[in-house]
Amino acid sequence: SQQGEEDPQALSIQEGENATMNCSYKTSINNLQWYRQNSGRGLVHLILIRSNEREKHSGRLRVTLDTSKKSSSLLITASRAADTASYFCATPTGGGGSQGNLIFGKGTKLSVKP
Amino acid sequence: NAGVMQNPRHLVRRRGQEARLRCSPMKGHSHVYWYRQLPEEGLKFMVYLQKENIIDESGMPKERFSAEFPKEGPSILRIQQVVRGDSAAYFCASSPPKGTGSVEQYFGPGTRLTVT
């Protein structure tokens with residue numbers, strides 16, 4: 001079943017603008033992760049936010065988590081053409097081993113025009 | 001430290017043939033996960049393995065698909081008698097042992113399977 005749902009499905013902006021992507025999930029989590037995927041490539045881990053954190057920064061990335069609303073947002077500031085990619089949120093099932101498998105949303109396809 | 005390695009990167013099979021996909025986790029990682037991605041879709045979990053053990057195969061189709069992670073060597077995802085619907089990108093991820101404090105999964109570049 002789909003756990004994370006990203007919104008919007010596609011986003012097109014100009015270089016220098018900020019990009020905001022949202023993710024909603026259904027069940028309780030202990031962390032939420034954001035990944036980037038360039039076209040035809042593998043996934044790159046961007047940032048992890050734990051359930052007891054509300055906001056986290058990494059360079060031009062800012063992630064928020066609202067566990068009461070079961071939602072997260074990813075903000076990319078001062079976007080660059082190289083940020084063009086699909087962005088996925090993922091939540092772990094928590095079963096067994098280190099953390100169990102990840103459940104991914106369908107992603108937001110971001111296009112940054114130079 | 002090399003990342004997660006997958007081979008082959010591209011694989012073409014005719015209907016009815018077998019496909020074998022390999023994944024070598026990052027050094028020191030003992031957990032391997034396989035995911036499948038259809039075009040324009042997110043990744044869907046298939047199977048989670050530790051060395052010589054299948055921990056969770058709830059996402060694996062009941063027939064034709066199998067996975068292993070032997071004591072020595074890479075993890076193998078095997079698809080027998082492939083059909084056109086098996087065409088997809090298959091990603092492997094690995095993570096460190098429990099207790100290290102790290103829960104991120106590190107993904108390989110994927111194997112793109114095309115069934116003709």
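Whatever comes next refers back to the structure up there.
Thresholds applied
- Numbering of residues begins from 1 in every chain and follows the order in which that chain's sequence is written.
- Lettering for chains starts from A, numbering for ligands starts from 1, and both go in the order in which the items are written.
- In keeping with the model being predicted, local features are shown solely for residues with a pLDDT of at least 70 and side-chain atom pairs are shown and tallied solely at 80 or more, while totals for entire chains, interfaces and linings include all residues.
- By convention in this description, side-chain values take in all heavy atoms of the structure and omit both hydrogens and water.
- Think of a salt bridge as a Lys or Arg side-chain nitrogen and an Asp or Glu carboxyl oxygen that are within 4 Å of each other.
- Buried, partly exposed and exposed residues are distinguished by accessible area as a fraction of the type maximum, computed with a 1.4 Å probe on protein chains only: under 20%, between the cut-offs, and over 50%, respectively.
- Here, two residues are considered to be in contact whenever any of their heavy atoms come within 4.5 Å of each other.
- A 1.4 Å probe defines the accessible area here, and the buried area is the portion of it lost by two parts on being joined, summed over both.
- In the analysis that follows, any N or O atom pair within 3.5 Å is treated as a polar contact, provided that within protein one partner can donate a hydrogen and the other can accept it, and provided that, for residues neighboring in sequence, both atoms belong to side chains.
- Helix numbering and strand numbering both begin at the N terminus, where a helix is a DSSP run of H or I of at least 4 residues and a strand a DSSP run of E of at least 2.
- Under the grouping applied here, Gly and all other residues not named as nonpolar or charged are polar, the nonpolar ones being Ala, Val, Leu, Ile, Met, Phe, Trp, Tyr, Cys and Pro and the charged ones Asp, Glu, Lys and Arg.

When you look at the pattern of salt bridges in this model, what are you seeing that I'm missing?
Where charged atoms from two side chains of opposite charge come close, those side chains can pair. Residue and element names in this part refer to chain B. Under the defined criterion, the tally for this structure stands at 6 salt bridges over all chains. With a shortest N-O distance of 2.8 Å, R20 and E18 are connected by a salt bridge. With a relative accessible area of 37%, R20 lands in the partly exposed category. Through salt bridges with shared partners, a single ionic network connects E18, R20 and R78.

Is there a simple way to think about the interface of chain B and chain A in this case?
It is common to report an interface's size as the accessible area lost on association of the parts. Opposite the 25 residues of chain B that make contact, chain A presents 25 residues. Of the roughly 1900 Å² buried between chain B and chain A on both sides combined, carbon and sulfur atoms contribute 51%. Among the residues chain B hides against chain A, the three largest losses belong to L43, V103 and F107 of chain B. Together they make up 26% of the total. Linking chain B to chain A there are 0 salt bridges. Our count for the chain B to chain A interface comes out at 5 residue pairs in polar contact (both at pLDDT 80 or more). Among the secondary structure elements, those contributing two or more residues to the side of chain B that touches chain A are β4 (31-37), β5 (43-50) and β9 (88-95) of chain B. When the residues that make up the side of chain B that touches chain A are grouped by side-chain class, the tally is 10 nonpolar, 8 polar and 7 charged.

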